[in-house]
Amino acid sequence: MSNTCMNTLNAEGRPIQIEELVNKMSGHFGDNLDIIDEFATEDKGYATLSFNSRWQMPQKELLEITHLLSNHEGLYIRVLAEEAGEEYFEQAIFSDGKWTFENPPTINVQIYALTTQGLEQIRQHIKEKGNIDFGEDCTRVALYVNDDGDAECPYFERIELETNDKLSVLLSDGLWLYEDDLTTVHVMDILTLIEEGRANRE
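Residues numbered from 1 in each chain as written. Predicted model: local features only at pLDDT ≥ 70, side-chain atom pairs only at ≥ 80, totals over all residues. Heavy atoms only, no water.

Quick look at the overall build of the protein now. Scanning the protein from terminus to terminus reveals four helices and 13 strands. Taking 2.2 N^0.38 as the reference for a compact globule, 202 residues should give roughly 17 Å; the C-alpha atoms of the protein span a radius of gyration of 27 Å, well beyond that estimate. In the protein, of all internal contacts separated by at least 6 residues, the share reaching a separation of at least 24 is 57%. A total accessible area of about 12300 Å² is found for the protein, and carbon and sulfur atoms account for 47% of it. One way to put it: in the protein the 15 positive side-chain charges average out to a point 7 Å from where the 40 negative ones average out. (Helix = DSSP H or I, 4+ residues; strand = E, 2+ residues; numbered from the N terminus. Rg over C-alpha atoms; globule rule 2.2 N^0.38 Å. Contact = heavy atoms within 4.5 Å. Areas by Shrake-Rupley, 256 points an atom, 1.4 Å probe, with all protein chains shown as cover. Lys, Arg positive; Asp, Glu negative; His and termini not counted. Charge placed at Lys NZ, Arg CZ, Asp CG, Glu CD.)

So, in structure tokens, the structure goes:
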């Protein structure tokens with residue numbers, strides 16, 4: 001990761017709370033702090049602040065600053081931290097006098113989770129309806145790379161559930177793809193075919 005983490009803080013509370021928070025943040029971060037917006041109504045105050053930190057969100061400093069505040073009741077703070085060009089992203093919420101620091105899953109983790117969920121849906125469909133035959137008019141191809149490094153684009157032909165509860169897919173060129181070979185795109189296409197009703201029950 002690069003050295004600079006960009007943090008955006010949004011706060012909401014009573015005007016005196018927001019004023020105190022901004023003063024504490026300014027005292028700690030100095031010229032590194034930009035006040036993007038700060039305003040108040042009769043009984044509500046709001047502020048949006050921007051500041052940089054080294055490597056990641058400055059959790060320790062945020063804990064220290066809020067600990068010094070005179071009143072936490074009704075004060076809500078949300079901080080988003082990210083590094084440009086990197087996958088680092090973190091969110092922190094301050095509510096009811098406590099911080100919650102969260103690292104949202106990376107895109108790869110989310111894709112893996114969705115693929116796993118899709119495989120389970122296919123598995124459950126077969127358990128309920130039987131193995132799937134797509135027939136000769138299947139228009140979805142299952143792209144894979146052969147042993148020579150060339151791309152092959154046969155059609156889906158059949159999906160079976162093995163005795164070990166794993167999926168296996170027969171392609172129109174006679175090749176079998178096993179569950180661990182299936183990509184996210186394969187899973188999405190199979191689910192689409194099932195949803196379109198193009199799969200015949202055994």
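Right, picking up where we left off after that structure.
In this section: the side chain of E90. As for its placement among the helices and strands, E90 is situated in strand β5 (residues 89–95). No salt bridge forms around the buried E90; measuring N to O, its nearest opposite-charge neighbour R78 is 13 Å away. A polar contact of 2.5 Å, which involves the side chain of E90, links it to the side chain of Q59. (Buried < 20%, exposed > 50% of the residue type's maximum accessible area, 1.4 Å probe, protein only. Salt bridge = Lys/Arg side-chain N within 4 Å of Asp/Glu carboxyl O. Polar contact = N/O pair within 3.5 Å; in protein donor to acceptor, adjacent residues only side chain to side chain.)

Spatially, six strands are ordered β2-β3-β1-β4-β5-β6 in an open sheet, and the strand pairing comes out antiparallel. Lying at the two open borders of the sheet, with one neighbouring strand each, are β2 (33–40) and β6 (98–102). Along the sheet, successive strands turn relative to each other by an average axial angle of 15°, direction set aside. The pairing of strand β1 (residues 4–13) with strand β3 (residues 45–54) spans ten bridges and is antiparallel. Along β3, the bridge assignment pairs E12 with Y46. Against the sheet, helix α2 (residues 59–67) contacts β1, β3, β4 (76–82), β5 and β6, and its axis sits at roughly 165° relative to β6. (Pairing = 2+ DSSP bridges. Axes fitted to C-alpha atoms, helices over the stretch in contact; angles between N-to-C directions.)

Pairing of β2 with β3 involves seven bridges; the strand directions are antiparallel. Residue E38 lies in a different strand from β3, and its bridge partner there is A47. Between β2 and the antiparallel strand that follows it, β3, lie four residues.

Two aromatic rings, taken as a pair, are described by how far apart their centres are and by the angle between their planes. If you walk through the whole model with that rule in mind, you get five aromatic pairs. Centre to centre, the rings of F29 and F51 are 4.5 Å apart; their planes meet at 35°, and the pair counts as tilted. On the criterion of sequence distance, the pair formed by F29 in helix α1 (residues 15–29) and F51 in strand β3 is long-range, its members being 22 residues apart. An identical accessibility class is assigned to F29 and F51; each is buried. Both rings, one in F39 and one in Y46, keep their centres 4.9 Å apart while their planes meet at 20°; by these two values the pair is stacked. Given a relative accessible area of 42%, F39 falls into the partly exposed group. On the accessibility criterion, Y46 (26% relative accessible area) is partly exposed. Site record: aromatic cluster; members linked through ring pairs are F94, W99 and F101. (Phe/Tyr/Trp six-rings, centres within 6.5 Å; stacked < 30°, edge-to-face > 60°.)

Keep in mind these values describe shape, not function.
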